[in-house]
Amino acid sequence: MDELKKFGLFIDDIYRLRVQDPSIATQKIELRHECLEYSRNLQHLKSLIHDFYKISKTFAKDVELEKLRAIGTQNQLKTMSQHRQAEQQVCQSKIMEQTVKLERLKSEYQYLQRTETEQQEIINIFLLNQ
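Residues numbered from 1 in each chain as written. Predicted model: local features only at pLDDT ≥ 70, side-chain atom pairs only at ≥ 80, totals over all residues. Heavy atoms only, no water.

- If you check an unreviewed UniProt entry, the chain appears there as Intraflagellar transport protein 20 homolog from Drosophila madeirensis.
- Regarding the chain, the relevant UniProt record gives this comment under Subcellular location (unreviewed entry): "Cell projection, Cilium". (UniProt positions renumbered as here; feature names shortened; annotations may be inferred.)

Digging into the overall build of the chain
Phase 1 of the analysis: The number of helices and strands found in the chain is two helices and two strands.
Phase 2 of the analysis: Overall, the chain shows an N-to-C arrangement of helices and strands of α-β-β-α.
Phase 3 of the analysis: In terms of C-alpha radius of gyration, the chain reaches 53 Å, well past the compact-globule figure of 14 Å for 130 residues.
Phase 4 of the analysis: Over its C-alpha atoms, taken along the principal directions, the chain stretches across nearly 170 × 20 × 15 Å.
Phase 5 of the analysis: The buried share among the 130 residues of the chain stands at 2%.
Phase 6 of the analysis: Taken as two groups, the 20 positive and 19 negative side-chain charges of the chain have centres that lie 7 Å from each other. (Helix = DSSP H or I, 4+ residues; strand = E, 2+ residues; numbered from the N terminus. Rg over C-alpha atoms; globule rule 2.2 N^0.38 Å. Buried < 20%, exposed > 50% of the residue type's maximum accessible area, 1.4 Å probe, protein only. Lys, Arg positive; Asp, Glu negative; His and termini not counted. Charge placed at Lys NZ, Arg CZ, Asp CG, Glu CD.)

Concerning the pattern of salt bridges
Phase 1 of the analysis: Here the structure, examined in full by the defined rule, presents three salt bridges.
Phase 2 of the analysis: A salt bridge links E108 to R104, with the shortest nitrogen-to-oxygen separation between them at 3.6 Å. Taken together, the positions of E108 and R104, both in helix α2 (residues 22-129) and four residues apart, correspond to about one turn of that helix.
Phase 3 of the analysis: Of the residues examined, E108 reaches a relative accessible area of 39% and is grouped as partly exposed.
Phase 4 of the analysis: Judged by its relative accessible area of 46%, R104 falls in the partly exposed class. (Salt bridge = Lys/Arg side-chain N within 4 Å of Asp/Glu carboxyl O.)

Thoughts on a nonpolar patch on the surface
Phase 1 of the analysis: Together, Y38, L42, L45 and I49 make up a nonpolar patch on the protein surface, roughly 420 Å² of accessible area in all.
Phase 2 of the analysis: Residue placement: I49 occurs in helix α2. (Patch = residues over 30% accessible without salt bridge, like charges linked within 9 Å, V, L, I, M, F, W, Y side chains within 5 Å. Areas by Shrake-Rupley, 256 points an atom, 1.4 Å probe, with all protein chains shown as cover.)

Focus on the environment of L4
Phase 1 of the analysis: Turning to its location among the elements, L4 is positioned in helix α1 (residues 2-6).
Phase 2 of the analysis: With relative accessibility at 30%, the residue L4 sits in the partly exposed group.
Phase 3 of the analysis: In this structure, the C-alpha to C-alpha distance between L4 and V90, residues 86 residues apart in sequence, is 112 Å.

So this is what it looks like as structure tokens:
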């Protein structure tokens, strides 16, 4: 057998003549199987990564849409708040106008009461003098 090995010939387990060492041939077959398994796992990983990419892209679009909606709602709230403040200022102005008007009317009423009292006194004096 050693003489065959010198010429690069080997005999395997079932006594066939081989050009390659049987242990190397077995390792070669195992390596091929491992490479095929690695390739399948790599393809599976690639498909998982692609699926993850699609899902994350969809999720990013949804997040962006919700972000825009939130900004729109926030702007609406600011606008409503500003509108309420403007209405409140208008109402406060009307209240001030009405308060000033009330004070003016009270003064006028007091003046008219004094005038009525004075005129009533004049009438009473005139009637008493007659």
